[in-house]
Amino acid sequence: MGDLLLVRHGETEWSLSGRHTGSTDIPLTDKGREQARRLAPLIARHHIAAAFVSPMQRARETARLAGIDGALVDADLSEWDYGGYEGVTTVEIHRSRPDWFLFTDGVATGPPEHPGESPEEVGERAERMLAKIDAALAEAEGNVVVVSHGHFLRVLTARRLGLPTSAGALFQLATGTMSRLSTEHRRHVVAGWNVRPDSYCSHGPLSSAGQGPEEH
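Quick notes on the rules
Residues numbered from 1 in each chain as written. Predicted model: local features only at pLDDT ≥ 70, side-chain atom pairs only at ≥ 80, totals over all residues. Heavy atoms only, no water. Phe/Tyr/Trp six-rings, centres within 6.5 Å; stacked < 30°, edge-to-face > 60°. Buried < 20%, exposed > 50% of the residue type's maximum accessible area, 1.4 Å probe, protein only. Helix = DSSP H or I, 4+ residues; strand = E, 2+ residues; numbered from the N terminus. Contact = heavy atoms within 4.5 Å. 1 Å grid on protein atoms, 1.4 Å probe; cavity = no way out; pocket = protein on both sides within 12 Å on 5 of 7 lines; lining within 4 Å. Points joined across faces, edges and corners; volume = space filled by probe spheres on them. Nonpolar A, V, L, I, M, F, W, Y, C, P; charged D, E, K, R; others polar. Pairing = 2+ DSSP bridges. Axes fitted to C-alpha atoms, helices over the stretch in contact; angles between N-to-C directions. Parallel < 35°, antiparallel > 145°, perpendicular 65-115°, else oblique. Left-handed = near helix turned anticlockwise from the far one by under 90°. Polar contact = N/O pair within 3.5 Å; in protein donor to acceptor, adjacent residues only side chain to side chain. Expected span 1.5 Å × (residues − 1).

## Re the packing of aromatic side chains
The description of two aromatic rings rests on the distance between their centres and on the angle between their planes. Under the defined criterion, the tally for this structure stands at 4 aromatic pairs. An angle of 55° between the planes, with centres 5.8 Å apart, marks the rings of Phe101 and Phe103 as tilted. For Phe101, a relative accessible area of 37% corresponds to the partly exposed category. Overall, the relative accessible area of 3% leaves Phe103 in the buried class. Consider the rings of Phe171 and Trp193, whose centres lie 5.5 Å apart with planes at 55°: the pair is tilted. Taken as a pair, Phe171 in the loop between α7 (150-160) and β5 (177-184) and Trp193 in strand β6 (residues 187-195) lie far apart in primary sequence, 22 residues in all.

## Describing the side chain of Arg160
Looking at where Arg160 falls in the secondary structure, it is placed in helix α7. Given the relative accessible area of 8%, Arg160 is considered buried. Discounting residues that sit within four places of it in the chain, Arg160 has contacts with Met1, Leu4, Leu130, Asp134, Leu137, Leu181 and His188.

## A short note on empty space enclosed by the protein
Per the stated rule, a full pass over the model turns up 1 cavity of 30 Å³ or more. For the largest cavity, the calculated volume is near 30 Å³. Along the walls of the largest cavity sit Met1, Gly2, Asp3, Leu4, Leu137, Arg160, Leu181, Ser182, Thr183 and His188, which together make up its complete lining. Here the residues of the lining of the largest cavity are counted per class, giving 4 nonpolar, 4 polar and 2 charged.

## A closer look at the pairing of strand β1 (residues 4-8)
Most of β1 is tucked away, with 5 of its 5 residues classed as buried. As defined by bridge partners, β1 adjoins strand β4 (residues 143-148) across 5 bridges and the pair is classed as parallel. Within β4, the position partnered with Arg8 by the bridge is Ser148. Pairing of β1 with β5, which is carried by 5 bridges, proceeds in the antiparallel orientation. Its bridge partner lying in β5, Val7 is registered against Met178.

## Section: the sheet that holds β1
The strands making up a sheet associate through backbone hydrogen bonding, with each pair oriented either parallel or antiparallel. The strand order across the open sheet built from 6 strands is β3-β2-β4-β1-β5-β6, with neighbouring strands paired in mixed fashion. Lying at the two open borders of the sheet, with one neighbouring strand each, are β3 (72-73) and β6. Two elements, strand β2 (residues 48-53) and β3, share 2 bridges in a ladder whose sense is parallel. Within β3, the residue paired with Phe52 across the bridge is Leu72. Sheet strands touched by helix α2 (residues 30-44): β1, β2, β5 and β6. Its angle to β5, the strand with the most contacts, is close to 20°.

## Concerning the packing of α2 against helix α3 (residues 57-65)
For the pair α2 and α3, the least separation of the axes is 7 Å and the interaxial angle reads 40°. Relative to α3, α2 is oriented oblique. Pair α2 / α3 crosses with right-handed handedness. In this structure, α2 contributes Arg33, Ala36, Arg37 and Ala40 to the contact, and α3 contributes Glu61, Thr62 and Leu65.

## Here's the deal with the side chain of Ser78
Relative to the helices and strands, Ser78 is located in the loop between β3 and α4 (90-96). With a relative accessible area of 17%, Ser78 lands in the buried category. Within polar-contact distance, the side chain of Ser78 engages the backbone oxygen of Ala75 at 2.8 Å. Not counting the four nearest positions on each side in its chain, Ser78 is found in contact with Ser54, Pro55, Arg125, His149 and Phe152.

## Some words on α2
With 15 residues, α2 ought to run about 21 Å at 1.5 Å a step, and its terminal C-alpha atoms sit 22 Å apart, in line with that. Buried within α2 we find Gly32, Gln35, Ala36, Leu39, Leu42 and Ile43.

Okay, structure coming up:
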């Protein structure tokens, strides 16, 4: 079975300022577009059998600029529905809820069109996406690449490794990076994390990329 490549979209104005960006469909910044372009050589090292992308323009633009052709748009790759916390930073949330933690507490209720998701709901969505990924891996030789969002990809990683949804908190993920989930002795493992072109040499991935705000 091939590997699962995870691409987090490039920088946006809201990821730069730390605002939770779920359903708000904002574009990449110029830096975010450059981050996406610089991912192309990394992705080209892998034979891609199938590709999936979130419907948000920041993800679709990242896929296009990174040279990922023919990606299927799948709503299950959307970012966490932040509900009442859409556009709000963690610092602002902590003023009224100092112990709040997304991966265990979820979000405040939002408007009917975006009421918010619980950690359990996001975990279930990740499991649905993994089933589609496994079907694609079984149908053709090669790897599957998905282009999505920080918090959702962290949950997807946790579920892939057989960990609870809350364990997504352990996988900090920067914008404009590629990560790789592989197998070892038939068990899912992390084979590369937070890789950017400037952290890659001929021997493979080096240390993780520098971190920015976690919101998306």
